[in-house]
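These are the residues of each chain, in order.
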Amino acid sequence: MLPNPKSPLIPDRILFVVALWALATISTPLSHAAEYFVSPNGNDANPGTESQPWRTLAAASQVLVAGDICTLRAGVYEELLRPANSGTAGSPIIFRGYPGEEVVITAMQALTGWEQDEGLVYRVGVDWDLGQKNFVLHGETACDLARWPNNTDQDPWTLDSLRNTGGSDGDEIDNAYLDYTPGIPDFDWAQGGSIFFYGDRPGSGWTAWKAFITGSSSSRVEFVLDKNPAWIRTAHPPADGGEFFLEGIRAALDYANEWFFDSTTQTLYLQIPGGDRPADGAVSMRRRIETIDLRDRSYVEIHDLKVFGGEILISGNNNRLYRVTSHHGNRSRGVVTGFHAQSRSVHITGNDHAIEKCDIGFGSGSGVWDSGSNTIITNNYLHDFNYLGDYDAIVMVRDGGGGTKLTHNTITRAGRDAIQMVTTDNEVAYNDVSYSNLIADDCALFYTLGGPRRIEIHHNWFHDAYSHGSKEKAAGIYLDNDANGFDVHHNVVWNTEWSGVQINWDGTDINIYNNTLWNNSQVMGAWHKEGTAFSNVKVYNNIGDNGAWEPQSDKQNNLTLLSEDPFIAADVG
């Protein structure tokens, strides 16, 4: 058993005092002007008391001012939570679920009135269309846009794809194509169809891409491959081989939990297991993009409730999510020009926000996208993001002012990176991070590049990173191109199929010390591109299971252990 990454630098008595202070802070009721109640059984003409609650979030949102609390009773709220006002320091506005009751704010809308279409497929009229962000749930099962070949195991991490037999090279934009000589179904894929492609030629595989189909034949699909940056196309062209599937037309709907939406007739088509008629209310379709909108609001807190199917938007300053569950908050078909899907479950801008003790999971793009300053992300379960296999991550920290503290989280199951961080003055500590690279390659549990960053990465567990294909380039801590200004210490990195720590190009001012690097393909790795060299890279006091410490670094007091199992279980030692 590997050691718990607890800091030896802070005396236990201090930790105990801090813990008591934190508990007292959380437990002490905040002063407030009034408490209001909302219930699905209420009436907006009521005064909003516990015995006479309002019915809608909208009614409460217009009334609450600094210091007020709104308590939501059990039920499903199919509407957007958008406070009209901000709180103030010491007197936040709080929306919270009633203790012991399940409160759900959903962007989905339950559907009724299904009619048989053909065979095992049923249809229902829907009077809205979110385009690429349409999404369908059957119960709690996320349904697939109709595709070929089918997703037979219902697992988003297994692509259920085919290997193409040829295609256009990386120079082709307007007349790009992919060949599959065994043959594709004889459908008109140009009627709204799209292609998913993951190119895995040696030295590439960094991202997957999608494109709308413009023409098709018995063994070929054609499309425009206009991507920015161009390396999305040039490093991952169909000519060099990869994996693909086709999706998005009615003719491909032939499997359980597949759907298709006809935007012309505003009709949703669906097949569920057994070919049965969907029960009224058992299937829902995304109606709104957002569930909670705190843009340009400050000192607003959301406590103890669930959100489903829509994004949480946070700007202003000093907003807080506390014990919030967000599932399927972002979904997108993902046909975009760039390398991000622009699809997030929690999107943060502004200053001094906090995400605490939340469960945020399941999405096409990123889980938490932090473009704020001084954000605290702590004690959360963040999981199952980037089904598209693009440059999104479970936690994206970029395009903001920096100062993020990412601590004490469990972060797991990512299509590419689990954490991607490219801002400055951040701290990453006491996290348990696992299972990145489930689709893309040449990425990591923690990924960054450039600088100077002034990022401290310490007392984390980084483990179990295995790439989707045969490239075997899933790293633990990846300090990519020209990384500058990192302190990496007291981490345990194990079970990665590539380097425990990987540094590329002109690594500068990097300290790697007091880490345990175990059962990785190599303790450290580097790509010394021609004309590049390390500068002030110190590798001190680390433990590894082989002695291949990076030769261009300053190496001192590193220990190589040759025993197969040199560790003592915590309950024994």
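The present account deals with the structure reproduced in this document. (Residues numbered from 1 in each chain as written. Predicted model: local features only at pLDDT ≥ 70, side-chain atom pairs only at ≥ 80, totals over all residues. Heavy atoms only, no water.)

Counting its regular elements, the chain contains three helices and 52 strands. For the chain, whose C-alpha radius of gyration is 25 Å, the value lies close to the compact-globule estimate of 25 Å for 573 residues. Here the C-alpha coordinates of the chain stretch approximately 70 × 70 × 40 Å along the principal axes. By the burial criterion, 55% of the 573 residues in the chain qualify as buried. The long-range fraction of contacts in the chain, counting pairs at least 24 apart against all pairs at least 6 apart in sequence, stands at 66%. For the chain, the exposed area adds up to about 22500 Å²; of that, 48% sits on carbon and sulfur atoms. Side chains of the chain carry 40 positive and 73 negative charges; the gap between the two charge centres is 4 Å. (Helix = DSSP H or I, 4+ residues; strand = E, 2+ residues; numbered from the N terminus. Rg over C-alpha atoms; globule rule 2.2 N^0.38 Å. Buried < 20%, exposed > 50% of the residue type's maximum accessible area, 1.4 Å probe, protein only. Contact = heavy atoms within 4.5 Å. Areas by Shrake-Rupley, 256 points an atom, 1.4 Å probe, with all protein chains shown as cover. Lys, Arg positive; Asp, Glu negative; His and termini not counted. Charge placed at Lys NZ, Arg CZ, Asp CG, Glu CD.)

Another aspect to go through is the nonpolar core. Of all hydrophobic cores here, the largest spans 69 residues; its most connected members are Ile302 and Leu479. Here the element with the most residues in this core is strand E24 (residues 300–308); it accounts for four residues. Other than its neighbours up to four places away in sequence, Ile302 contacts Leu81, Phe95, Ile292, Leu294, Arg320, Leu321, Tyr322 and Val324. Grouped together as the second largest cluster of nonpolar side chains are 26 residues, Tyr180, Ala211, Ile213 and Phe260 included. (Core = buried A, V, L, I, M, F, W, Y, C linked by side-chain atoms within 4.5 Å.)

Strands in a sheet are paired, the pairing made by backbone hydrogen bonds, and the direction either parallel or antiparallel. Strand order in the open sheet made by the five strands is E7-E8-E21-E20-E11, with mixed pairing throughout. If you trace the sheet from one side to the other, it starts and ends with strand E7 (115–118) and strand E11 (144–145), each paired once. (Pairing = 2+ DSSP bridges.)

Turning our attention to empty space enclosed by the protein. Applying the stated criterion across every chain, the model contains two cavities of 30 Å³ or more. Of the voids in this model, the largest cavity is the one considered here, and its volume is about 110 Å³. Forming the boundary of the largest cavity are 14 residues, of which Ala208, Trp209, Lys210, Gly334 and Asp390 lie nearest the centre. Take the lining of the largest cavity: its biggest share by element is three residues, from strand E17 (residues 208–216). Class assignment for the residues of the lining of the largest cavity results in seven nonpolar, four polar and three charged. Roughly 30 Å³ of internal volume is contained in the second largest cavity. Taken together, Lys133, Arg286, Ile289, Glu311, Gly329, Asn330, Gln342, Ser343 and Arg344 make up the full set of residues lining the second largest cavity. Residue composition of the lining of the second largest cavity, grouped by class: one nonpolar, four polar and four charged. (1 Å grid on protein atoms, 1.4 Å probe; cavity = no way out; pocket = protein on both sides within 12 Å on 5 of 7 lines; lining within 4 Å. Points joined across faces, edges and corners; volume = space filled by probe spheres on them. Nonpolar A, V, L, I, M, F, W, Y, C, P; charged D, E, K, R; others polar.)

What follows concerns the environment of Gly199. Here Gly199 shows up in strand E16 (residues 194–199). Considered as a pair, Gly199 and Ile510 are 311 residues apart in the sequence and their alpha carbons are 32 Å apart. In this structure Gly199 touches Gly205, His236, Gly241 and Gly242, once residues within four positions along its chain are discounted.

Tallied over the full model, the rule gives 19 aromatic pairs. Between Trp518 and Phe567 the ring centres are 5.1 Å apart and the planes differ by 75°, which places this aromatic pair in the edge-to-face class. Of this pair, Trp518 sits in strand E47 (residues 516–518) while Phe567 sits in the segment after strand E52 (559–560), and the two are 49 residues apart along the sequence. Note on Trp518: relative accessible area 11%, which makes it buried. We note Arg73 situated over the ring of Tyr98; from NZ or CZ to the ring centre the distance is 3.7 Å. Arg416 extends its terminal NZ or CZ atom over the ring of Tyr447, reaching a point 4.9 Å from the ring centre. (Phe/Tyr/Trp six-rings, centres within 6.5 Å; stacked < 30°, edge-to-face > 60°. Lys NZ or Arg CZ within 6 Å of the ring centre and 35° of its normal.)

Direction of pairing for strand E37 (residues 427–429) relative to strand E40 (residues 455–458): parallel, over a ladder of three bridges. Its bridge partner being in E40, Ala429 is matched across the sheet by His458. Direction of pairing for E40 relative to strand E43 (residues 484–489): parallel, over a ladder of four bridges. Considered in E43, the bridge of His458 is made with His489.

Quick look at the sheet that holds strand E30 (residues 366–370) now. Overall, parallel pairing links the 10 strands, which are arranged E23-E25-E27-E30-E33-E36-E39-E42-E45-E48 in an open sheet. The open sheet has two free edges, formed respectively by strand E23 (290–294) and strand E48 (522–527), since each of these has just one partner strand. Averaged over all adjacent pairs, the angle separating strand axes in this sheet is 10°, with direction ignored. Across five bridges, strand E39 (residues 443–448) lies against strand E42 (residues 474–479) in parallel orientation. Of the residues in E42, the one forming a bridge with Cys443 is Ala474. (Axes fitted to C-alpha atoms, helices over the stretch in contact; angles between N-to-C directions.)

Inspection of every chain in the model, using the stated rule, returns 22 salt bridges. Between Glu115 and Arg123 there is a salt bridge, with its nearest N and O atoms 3.5 Å apart. For Glu115, a relative accessible area of 46% translates into the label partly exposed. Taking the relative accessible area as the measure of exposure, Arg123 reaches 27% and is therefore partly exposed. Within the structure, one salt-bridge network assembled from shared partners comprises Glu115, Asp117, Arg123 and Arg250. (Salt bridge = Lys/Arg side-chain N within 4 Å of Asp/Glu carboxyl O.)

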